[in-house]
Amino acid sequence: MTDTTSHSDPTHSADPRDLRSLRVKGSAPSRSFALAGVLLPLLLAVVWEAAIRSGLAGGRLMPPPSTIGATLWELAKNGELQLHCLATLGRVLAGFALGALFGTMIGAAAGALVVVRRLIDPTLQALRAVPSIAWVPLFILWMGIFETSKVALIAVGVFFPVYLGVAGAIEGIDRKLIEVGQVFRLNRWAMIRRVMLPAVLPAWIISLRSGLGLGFMFVVAAEFMGASEGLGFLLVDGQQMGKPAQILAAIITFAVLGKLADGVLVMISKPLLLWQDTARGAL
Amino acid sequence: MLRLNGLSKTYADGTEALREIGLQVGKGEILALVGGSGCGKTTLLRLIAGLDSATSGAITVNGETIKGPHPSIGIVFQEPRLLPWLTVAGNVGFGLADLSPQERQARVLHALEKVGLAGYDQRWPRELSGGQQQRVAIARAFVTAPKVLLLDEPFSALDAFTRASLHDHLLLLWAETKPTVVMVTHDVEEAITLADRVVVMRPRPGRMMETISVTLDRPRDRLALGFDKAKRRILHALDRSLQPEKTTPTQKGADNASHWW
């Protein structure tokens, strides 16, 4: 029977693995370009180093890569860099966890229930328009200048993109897929678990990624408001002590940490999104 | 088996989609609904599937009144509507959550084989062509062994070759459990190839106009004499269904004809 049907059916490709092999071929060139991203910063570093070595530029306010590298090495050797990194990462993580949790819950409620959306969305949209730095004085008054106010500020930063992403994704779930669940008589909980959650997963992960990015922005604002450790402190300290190499070292560390944190998030979420029909590797 | 009694549907905005549909479909019968756009064919299927509720009238399956989605009624939509985050096997077994994994697996693989997709169980829906996806959707509806199967123009988006092969797959699956099938189609030849009875509907509001029995033996040959005769009768009825109504008596006559069933 199988034979006759496969012959009479033009959409039936002979080998089920056809498509798979095609896709592997497609991903090959993107791998060889993986190192291309390093070229531009490397080139800039070499040019700047050469400009200073040859006396074309002074390098007092914009130290050469070698000096920045030496500063980083110095900071790493006496354990300061690790201390600052851990302090900053700890704050981002705590703020991210809080902001993502509340953003997800309130976003889900606003996306699923029209009443909740009508009640809270206008207020939240207005609060979203407030610049992050504007919260600093209020948070210091409320929660003191120690960790609580910093974590709260970061949580506020993470909250909004996650809230928006989740609420929008739930509102936008395809009615047609919900109907499939209805036809198979899923109860409310099964509908959420088997249709709605998987449907919003990609948008949720994207919102978490932009939330994490904002968390790294807000941690600097938080650490500017008085900290004795953290990469933000290194920035302020470098400015006050006139050490541009330290500022640049902190900036580079921020870039590396942010990229790594995003990479970890992408890695964790990757197995969950294998099914997606997207241009892979675009993000 | 499936009985529709004085079924009417008027939408909230006042649009009258269906008026007084009365219909009885026997066990194992395949019934096709044809008609111009706006004659409420899809609305009728959604009512039977329990996705919408009728303004008046009743639907019963073996005497049981249908008020919402019912385990003995399955539907294949116009689009495949596969869940993209489930593999082909996951999609086909979506309605079998209550079974043990072994039994579910066995049923899913059997259904996939019947639609000619053996070996595709671990693939993602995005890896399949449109025709293959629609076959997965058909397998998903059949695998729960519904007593009534509704098909809402499931082949309309496919090319003629794929459509013909899907007709074969459909009849193969149907022969296994012989469910009652109600299908909506635009394609008169498709209706004659598959159906025992063809109901021509008249639009605005949707009403039943004429019922034509097709008594040809299966598998049906498109070149047979009877095929052409049935086709002409249906096309003729369709022509009339799209003409403006002249007098009220005609309309009454159509309504009476529908009550006849």
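Residues numbered from 1 in each chain as written. Chains lettered and ligands numbered in written order. Predicted model: local features only at pLDDT ≥ 70, side-chain atom pairs only at ≥ 80, totals over all residues. Heavy atoms only, no water.

1. Thoughts on the overall build of chain B
When you go through chain B residue by residue, the secondary structure sums to 8 helices and 10 strands. The C-alpha atoms of chain B give 19 Å as radius of gyration, which agrees with the globular expectation for 261 residues (18 Å, within 12%). In terms of its C-alpha atoms, chain B occupies a principal-axis envelope of roughly 60 × 45 × 30 Å. For chain B, with 261 residues in total, the buried portion stands at 55%. (Helix = DSSP H or I, 4+ residues; strand = E, 2+ residues; numbered from the N terminus. Rg over C-alpha atoms; globule rule 2.2 N^0.38 Å. Buried < 20%, exposed > 50% of the residue type's maximum accessible area, 1.4 Å probe, protein only.)

2. Considerations on the pattern of salt bridges
All names here are of chain A. Under the definition given, this model contains 19 salt bridges over all chains. As a salt-bridge pair, Glu-179 and Arg-175 come within 2.5 Å of each other at their nearest N and O atoms. Residue Glu-179 and its partner Arg-175 are both found in helix α9 (residues 175-183); the two are separated by 4 residues, about one turn of the helix. Among the residues examined, Glu-179 registers a relative accessible area of 3% and is labelled buried. (Salt bridge = Lys/Arg side-chain N within 4 Å of Asp/Glu carboxyl O.)

3. Remarks on the sheet that holds strand β10 (residues 207-213) of chain B
Through backbone hydrogen bonds, the strands of a sheet pair up, either in parallel or in antiparallel fashion. All names here are of chain B. On the basis of which strands lie adjacent, the open sheet formed by 6 strands has the order β6-β7-β8-β3-β9-β10 and mixed pairing. This sheet does not close on itself; its edge strands, each paired only once, are β6 (73-76) and β10. Each adjacent strand pair in this sheet contributes to an overall mean axis angle of 20°, direction not counted. Pairing geometry for strand β3 (residues 30-35) and strand β8 (residues 180-184), over 4 bridges, is parallel. Bridge pairing in β8 links Leu-33 to Val-184. Lying on the sheet, helix α1 (residues 41-49) is in contact with β3, β6, β7 (148-152), β8 and β9 (197-202); it crosses β7 at an angle near 150°. Its contacts with the sheet place helix α7 (residues 225-242) against β3, β9 and β10, and it is angled at close to 170° to β10. (Pairing = 2+ DSSP bridges. Axes fitted to C-alpha atoms, helices over the stretch in contact; angles between N-to-C directions. Contact = heavy atoms within 4.5 Å.)

4. Details of helix α4 (residues 65-77) of chain A
Residues and elements named next belong to chain A. Between its first and last C-alpha atoms α4 spans 18 Å; for 13 residues at 1.5 Å apiece the expected length is 18 Å, and the two agree. On its buried face, α4 is in contact with α5 (80-112), α11 (231-240) and α12 (244-269). Positive phi shows up at Gly-79, right after α4, with a value of about 80°. (Expected span 1.5 Å × (residues − 1).)

5. Topic: helix α3 (residues 101-114) of chain B
Residues and elements named next belong to chain B. For α3, spanning 14 residues, the distance from its first C-alpha to its last is 20 Å, which sits close to the expected 20 Å at 1.5 Å a residue. Those residues of α3 not exposed but buried are Val-108, Ala-111, Leu-112 and Lys-114. The buried residues of α3 occupy an angular sector of 155° when projected down its axis, which confines them to one face. A positive backbone phi angle near 75° is found at Gly-116, which sits one or two residues after α3. (Arc of directions from axis to C-beta.)

6. Re the side chain of Arg-194 of chain A
Here Arg-194 of chain A is to be found in helix α10 (residues 188-224). The side chain of Arg-194 of chain A sits in the buried core without any salt bridge; Asp-98 of chain B is the nearest counter-charge, 6.9 Å away. A distance of 2.8 Å separates the side chain of Arg-194 of chain A from the backbone oxygen of Phe-94 of chain B, its partner in a polar contact. (Lys, Arg positive; Asp, Glu negative; His and termini not counted. Polar contact = N/O pair within 3.5 Å; in protein donor to acceptor, adjacent residues only side chain to side chain.)

7. What to know about the packing of aromatic side chains
Under the criterion given, the structure shown has 6 aromatic pairs over all chains. Judged by centre distance (5.7 Å) and plane angle (15°), the ring pair of Phe-159 of chain A and Tyr-163 of chain A falls under stacked. Placement of the pair is Phe-159 of chain A and Tyr-163 of chain A together in helix α8 (residues 147-171), with a separation of 4 residues, close to one helical turn. The exposure classification of Phe-159 of chain A matches that of Tyr-163 of chain A, with both residues buried. Ring pairs connect the aromatic residues Trp-135, Phe-139 and Trp-142 of chain A, which therefore count as one cluster. Across from the ring centre of Phe-94 of chain B, 4.1 Å away, lies the NZ or CZ of Arg-194 of chain A, which sits over that ring. The ring of Trp-174 of chain B carries Lys-178 of chain B above its face, with NZ or CZ at 5.2 Å from the centroid. (Phe/Tyr/Trp six-rings, centres within 6.5 Å; stacked < 30°, edge-to-face > 60°. Lys NZ or Arg CZ within 6 Å of the ring centre and 35° of its normal.)

8. Notes on the sheet that holds strand β2 (residues 16-25) of chain B
Residue and element names in this part refer to chain B. Within the open sheet, the 4 strands sit side by side as β2-β1-β4-β5. Their pairing is antiparallel. Each end of this open sheet is capped by a strand with a single partner; those strands are β2 and β5 (64-65). α1 contacts β1 (2-10), β2 and β4 (56-61) of the sheet and is inclined by roughly 120° relative to β1.

By themselves, these figures tell us nothing about what the structure is for.
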